[in-house]
Amino acid sequence: MNNSLPFTPTADGRRRIRSFVRREGRLTTGQQRALDDLWPRWGLAFTPQPLDLPALFGRQAPVTLEIGFGNGESLARMAAEAPGRDFIGVEVHRPGVGHLLQQIEALQLSNLRVACHDAVEVLTLQIPEGSLDRIQIYFPDPWPKKRHHKRRLVQPAFVALLGSRLRAGGVLHLATDWEPYAEHMLTVMNQAAGFRNLAGEGFSPRPEYRPLTKFEQRGQRLGHGVWDVLFAREPAVT
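Conventions we followed
Residues numbered from 1 in each chain as written. Predicted model: local features only at pLDDT ≥ 70, side-chain atom pairs only at ≥ 80, totals over all residues. Heavy atoms only, no water. Buried < 20%, exposed > 50% of the residue type's maximum accessible area, 1.4 Å probe, protein only. Helix = DSSP H or I, 4+ residues; strand = E, 2+ residues; numbered from the N terminus. Pairing = 2+ DSSP bridges. Right-handed = clockwise from strand over helix to strand, strands pointing away. Axes fitted to C-alpha atoms, helices over the stretch in contact; angles between N-to-C directions. Contact = heavy atoms within 4.5 Å. Polar contact = N/O pair within 3.5 Å; in protein donor to acceptor, adjacent residues only side chain to side chain. Phe/Tyr/Trp six-rings, centres within 6.5 Å; stacked < 30°, edge-to-face > 60°. Lys NZ or Arg CZ within 6 Å of the ring centre and 35° of its normal. Salt bridge = Lys/Arg side-chain N within 4 Å of Asp/Glu carboxyl O.

A. Expanded view of the pairing of strand β3 (residues 63-67). Where burial is concerned, most of β3 is hidden: five out of the five residues are buried. The alternating pattern of β3 places Val63, Leu65 and Ile67 on one face and Thr64 and Glu66 on the opposite face, and all of these are buried. Of the pairings in the sheet, the one linking β3 to strand β4 (residues 86-90) comprises five bridges and is parallel in character. Note on β4: the bridge partner recorded for Thr64 is Phe87. Crossover connection from β3 via helix α4 (residues 73-81) to parallel β4: handedness right-handed. In terms of strand pairing, β3 meets strand β6 (residues 132-138) through three bridges, oriented parallel.

Here is the structure:
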């Protein structure tokens, strides 16, 4: 696979957008140990069949899925602060996966599992329809150059896939610090069938459950903005 490309070919030769472009950094000794020793306990291996989420966590609870969790510190904090909710983090950057596994061990989190695979395939093949309470995508690559806009993760077809995995009333939560991408996100969501803007219109204030990252705090001190987009899945019309 050529990981510099945001598309993979399908069986009929068409191109399918992937959820990432891999930029792999060096693994620290601790991250490699986490991948070797902790993955069997908290890692979620990719298999092309639907997961039984209650069986995975050993209980029936609302499930949040985060796509692209970076180093995982904010996701680990969210899981620690919401013990009544279960979490799945999806990330292809192995150093970030290793770091999150370290966080899970340090905080002894039983309500968080980690996938290291393309989120499109995870959602399509592993996540059952209507099974998620919330999907969150925080600070995805904005691909600021116009010729790269097609690489942006938040696109109509992907949003339709996300919507199919949310329960009725479930929330899609997007956040970005790049204003043109924020406007793009809002436009895509306003046009998406079956969603309702929780702000009524425009952007939402940051919910308390989304932690401020160090990067975001530094940006705020410099006067940089952050935009949150929250849309709820409407019940199906019968």
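B. Fine view of the sheet that holds strand β7 (residues 166-176). Taken in spatial order, the seven strands of this open sheet run β5-β4-β3-β6-β7-β9-β8, and their pairing is mixed. The sheet terminates laterally at β5 (112-115) and β8 (195-197), the two strands that pair on one side only. Adjacent strand axes in the sheet meet at a mean angle of 20 degrees, parallel and antiparallel pairs treated alike. Those strands touched by helix α8 (residues 179-191) are β7, β8 and β9 (227-233), and its axis lies near 15 degrees from that of β9.

C. Here's a closer look at the side chain of Gln136. Of note, Gln136 is situated in strand β6. Since its relative accessible area comes to 0%, Gln136 is described here as buried. For Gln136, the side chain forms a polar contact with the side chain of Glu66, separated by 2.8 Å. Among the polar contacts made by the side chain of Gln136, one reaches the side chain of Arg134 at a distance of 3.1 Å. Excluding its chain neighbours within four sequence positions, the residues that come into contact with Gln136 are Thr64, Leu65, Glu66, Ile67, Leu75, Met78, His173 and Tyr209.

D. Spotlight on the packing of aromatic side chains. Enumeration over the complete set of coordinates arrives at zero aromatic pairs. One cation-aromatic arrangement involves Arg151 over Trp143; the distance from NZ or CZ to the ring centre is 5.0 Å. Against the face of Phe195 rests Arg233, its NZ or CZ located 5.4 Å from the ring centre.

E. The pattern of salt bridges, seen in detail. For the coordinates displayed, the defined rule picks out eight salt bridges. Here Arg165 makes a salt bridge to Glu129, at a shortest N to O gap of 3.9 Å. Placement of the pair is Arg165 in helix α7 (residues 156-165) and Glu129 in the loop between α6 (119-126) and β6, with a sequence separation of 36 residues. Taking the relative accessible area as the measure of exposure, Glu129 reaches 63% and is therefore exposed. Linking Asp133 and Arg167 is a salt bridge whose minimum nitrogen-to-oxygen distance equals 2.5 Å. Placement of the pair is Asp133 in strand β6 and Arg167 in strand β7, with a sequence separation of 34 residues. On the basis of relative accessibility, which here comes to 12%, the residue Asp133 falls in the buried class. Classification of Arg167 as partly exposed rests on a relative accessible area of 35%. Among the charged side chains, a network of salt bridges with common partners joins Arg85, Asp133 and Arg167.

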